[in-house]
Amino acid sequence: MSPREPVETVLLDAGGVLIMPAAEAVIAILRVGGVQADVGVIDRAHYAATAANDAFPPRNRLLYLNAFARACGVEDDRVERVVVELAIAIDGPKWTRELAGAAKSLRALSSLPVALGVVSNSVGVVAEQLRQAGICQVGPGTGTPVSLVIDSALVGVAKPDPGIFHLALRELDAEPGRTVYVGDTARIDVDGALAAGIRPLHLDPHRDCPDPPGRHEHLRSLGDLAAWVHAHGR
């Protein structure tokens, strides 16, 4: 996308960008594994584990869970047992907690002249998760109205396949060159958006991305997104 082309459409991932796993069960599992953790620890571990998956594609859930446990401070001799429990606690339907500031960031975006949508690799329930968390929904509700929520399990195509982005672009009658996608993974979100001709913004709060500098743009906080879009908008 040329820097001169204004952003007219903003698409966002859900997990790791708007919602995170419910914290209570994860914290309890880590406690049994010998680690005293809080929400800040487990959120930090998510991005570290995601970067580990990005460094060694293709995406591997076991690699993610092992990296997550270790990033939380679980000792090697306890990782295997903890991972078995985490696999249940971090299952797709359990991503029900708002990432701090997500709802506020979307409200700020909604004041700009851009179309908003969500494109997520999920298990068929992401629209309801976002609605229940008060983050966003299609139509009226307690969160920010968005134009669409696409869930890979319901449409039969998943990132990084560009087809899932093409569905969103068609539904919104949006041009890929004037669309930006915000996601938290390099191999799934960034690569998928690039394949669809969309400008990716990698939400990378801790600068964990394993890719060479300059390969794609990064966003340190979702709270910075509205200002970024304003600067690159119409």
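Residues numbered from 1 in each chain as written. Predicted model: local features only at pLDDT ≥ 70, side-chain atom pairs only at ≥ 80, totals over all residues. Heavy atoms only, no water.

## Side note on the packing of aromatic side chains
Centre-to-centre distance and the angle between the planes together describe a pair of aromatic rings.
Part 1 of the argument: Per the counting criterion, the structure on display carries 2 aromatic pairs.
Part 2 of the argument: When the centroid spacing of 6.0 Å and the interplanar angle of 35° are considered together, the rings of Tyr-64 and Phe-68 count as tilted. Taken as a pair, Tyr-64 and Phe-68 lie in helix α3 (residues 61-71) at a separation of 4 residues, close to a single helical turn.
Part 3 of the argument: Residue Tyr-64 is classed as buried on the basis of its relative accessible area of 4%. (Phe/Tyr/Trp six-rings, centres within 6.5 Å; stacked < 30°, edge-to-face > 60°. Helix = DSSP H or I, 4+ residues; strand = E, 2+ residues; numbered from the N terminus. Buried < 20%, exposed > 50% of the residue type's maximum accessible area, 1.4 Å probe, protein only.)

## Quick notes on the sheet that holds strand β1 (residues 9-12)
Remark on secondary structure: sheet strands pair via backbone hydrogen bonds, oriented parallel or antiparallel.
Part 1 of the argument: The strand order across the open sheet built from 6 strands is β7-β4-β1-β8-β9-β10, with neighbouring strands paired in parallel fashion. Taken across any chain shown, the strands that pair with only one partner, and hence form the sheet edges, are β7 (148-151) and β10 (217-219). In this sheet, neighbouring strand axes are inclined to one another by 25° on average, regardless of whether the strands run parallel or antiparallel.
Part 2 of the argument: Summarising the sheet, β1 and strand β8 (residues 179-183) pair through 4 bridges and their orientation is parallel. Counterpart to Val-10 in the pairing with β8 is Val-180. (Pairing = 2+ DSSP bridges. Axes fitted to C-alpha atoms, helices over the stretch in contact; angles between N-to-C directions.)

## Side note on the pattern of salt bridges
Part 1 of the argument: The tally for this structure, following the rule as stated, stands at 12 salt bridges.
Part 2 of the argument: A salt bridge links Asp-13 to Lys-159, with the nearest nitrogen and oxygen atoms 3.0 Å apart. Of the two residues, Asp-13 is situated in the loop between β1 and β2 (19-20) and Lys-159 in the loop between α7 (152-155) and α8 (163-172); the sequence distance between them amounts to 146 residues.
Part 3 of the argument: Taking relative accessible area as the criterion, Asp-13 reaches 6% and is therefore assigned buried.
Part 4 of the argument: A salt bridge links Asp-43 to Arg-97, with the shortest nitrogen-to-oxygen separation between them at 2.7 Å. Linking Asp-43 in helix α2 (residues 39-55) with Arg-97 in strand β3 (residues 97-98), this pair joins segments that are 54 residues apart in sequence.
Part 5 of the argument: Relative accessible area serves as the criterion here: at 11%, Asp-43 is assigned to the buried category.
Part 6 of the argument: Classification of Arg-97 by relative accessible area gives buried; the value is 16%.
Part 7 of the argument: One salt-bridge network, in which partners are shared between bridges, spans Arg-187, Asp-191, Asp-211 and Arg-215. (Salt bridge = Lys/Arg side-chain N within 4 Å of Asp/Glu carboxyl O.)

## A few points about unusual backbone geometry
Part 1 of the argument: In this structure, Pro-58 follows Pro-57 across a cis peptide bond, with omega equal to 0°.
Part 2 of the argument: Put simply, Lys-159 and Pro-160 share a cis peptide bond, and its omega is 10°.
Part 3 of the argument: Tracing the sequence through the fold places Pro-160 in the loop between α7 and α8.
Part 4 of the argument: Positive phi, close to 50°, is recorded for Asp-173, a residue that is not glycine.
Part 5 of the argument: You can see Asp-173 is positioned in the loop between α8 and β8.
Part 6 of the argument: Residue classification places Asp-173 among the exposed positions, given a relative accessible area of 73%.
Part 7 of the argument: In the Ramachandran plot, Arg-207 falls in the positive-phi region, its phi being about 55° despite a non-glycine side chain.
Part 8 of the argument: Residue Arg-207 is classed as exposed on the basis of its relative accessible area, which comes to 63%.

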